[in-house]
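Coordinate inspection notes
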Amino acid sequence: AVYEPQVTMTLAAARPEDAGEYLCRAENQHGESSLAFNLTVEFPPILLPDSRCTPGGDGARCVCSASAIPEPAVTFDLPSRNVTVTEGHRDYTVTTPGRGTGGVVTVTGILTLRGTLDPRLAVLCSAHNPHGSVRQQLRFHHPGGLVWAKVGPVGAVVAFAIVIALVCYLSQSRRKKAAGSPEVTPVQPPPGQGGDPAPELRPLQVRGGHGGG
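A quick note: this is a predicted structure, and the numbers were derived from the prediction, not measured. (Residues numbered from 1 in each chain as written. Predicted model: local features only at pLDDT ≥ 70, side-chain atom pairs only at ≥ 80, totals over all residues. Heavy atoms only, no water.)

This brings us to unusual backbone geometry. The linkage connecting Ile69 with the following residue, Pro70, adopts the cis geometry, with an omega of 0 degrees. Positionally, Pro70 belongs in the loop between strand 5 (59–69) and strand 6 (73–78). At Asn82, a residue that is not glycine, the phi angle is positive and equals roughly 55 degrees. Relative to the elements of secondary structure, Asn82 occurs in the loop between strand 6 and strand 7 (83–85). (Helix = DSSP H or I, 4+ residues; strand = E, 2+ residues; numbered from the N terminus.)

Printed below as a string of structure tokens:
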């Protein structure tokens, strides 16, 4: 047998899911020994699905959440205002819940937008670490978010009142139509020859022949 004093494990394209605990074991005819070690795979930031903006009250709340190794830095960009919001801004808070499986670090930044939203406002979520960076425009999650952004809180209330009035009008129209509808009378089939009812309305009579008696 050939005994190698040293062996090497190579991962050609390591992925985050390859991280974890591995066991190194050596043995010969005299016995065996083993040692456990942890493997950490570093990677650039990945933006998580919960990154979005949610209108509410007088403004909106935007969340930018990213995972990476090493820890990513999360920022917000507002191109229409030529502003980059980072940690330390009065409307920005950041949370780091701790390390997950394989040492993955998730950082969540929260930006609070105050006042009436500009229709042209775009909110970009960015994250970077030594291995790379990623950026995407956040979408408004609330179904009425776009309306809120375009017309503001007062306009949104007016639009909501118009929708309610339209629904009430359609409901009343349907009730009036139902109350005034004439009673539907089934249409009788046309009478047969000689004024007799149609054959299907009475049993068919069969006569043996013509003549008296």
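From this point, the narrative continues.
What follows deals with a nonpolar patch on the surface. On the surface, a nonpolar cluster with roughly 260 Å² of combined accessible area is contributed by Met9, Leu11 and Phe37. Relative to the elements of secondary structure, Phe37 occurs in strand 2 (residues 31–39). (Patch = residues over 30% accessible without salt bridge, like charges linked within 9 Å, V, L, I, M, F, W, Y side chains within 5 Å. Areas by Shrake-Rupley, 256 points an atom, 1.4 Å probe, with all protein chains shown as cover. Salt bridge = Lys/Arg side-chain N within 4 Å of Asp/Glu carboxyl O.)

Let us now look at the confidence of the model for the protein chain. Per-residue pLDDT for the protein chain has a mean of 77; in total, 69% of the residues score no lower than 70. Mean pLDDT across the elements of the protein chain bottoms out in helix 1 (residues 145–179) (61) and peaks in strand 10 (residues 124–129) (96). (pLDDT = per-residue confidence, 0-100.)

Moving on, we get to the pattern of salt bridges. Counting across every chain of the model gives 4 salt bridges. Its salt-bridge partner being Asp77, residue Arg135 comes within 3.1 Å of it at the nearest N-O pair. Placement of Arg135 in strand 11 (residues 132–137) and of Asp77 in strand 6 is noted, with a sequence separation of 58 residues between them. For Arg135, a relative accessible area of 53% translates into the label exposed. Judged by its relative accessible area of 10%, Asp77 is buried. A salt bridge links Asp91 to Arg114; the shortest N-O distance between them is 2.9 Å. In this pair, Asp91 sits in the loop between strand 7 and strand 8 (92–95) while Arg114 sits in strand 9 (residues 105–114), placing the two residues 23 residues apart along the sequence. In this structure Asp91 comes out as buried when scored by relative accessible area, which is 10%. Using a relative accessible area of 52% as the deciding quantity, one classes Arg114 as exposed. A cluster of three or more residues bridged by salt bridges with shared partners is formed by Arg90, Asp91 and Arg114. (Buried < 20%, exposed > 50% of the residue type's maximum accessible area, 1.4 Å probe, protein only.)

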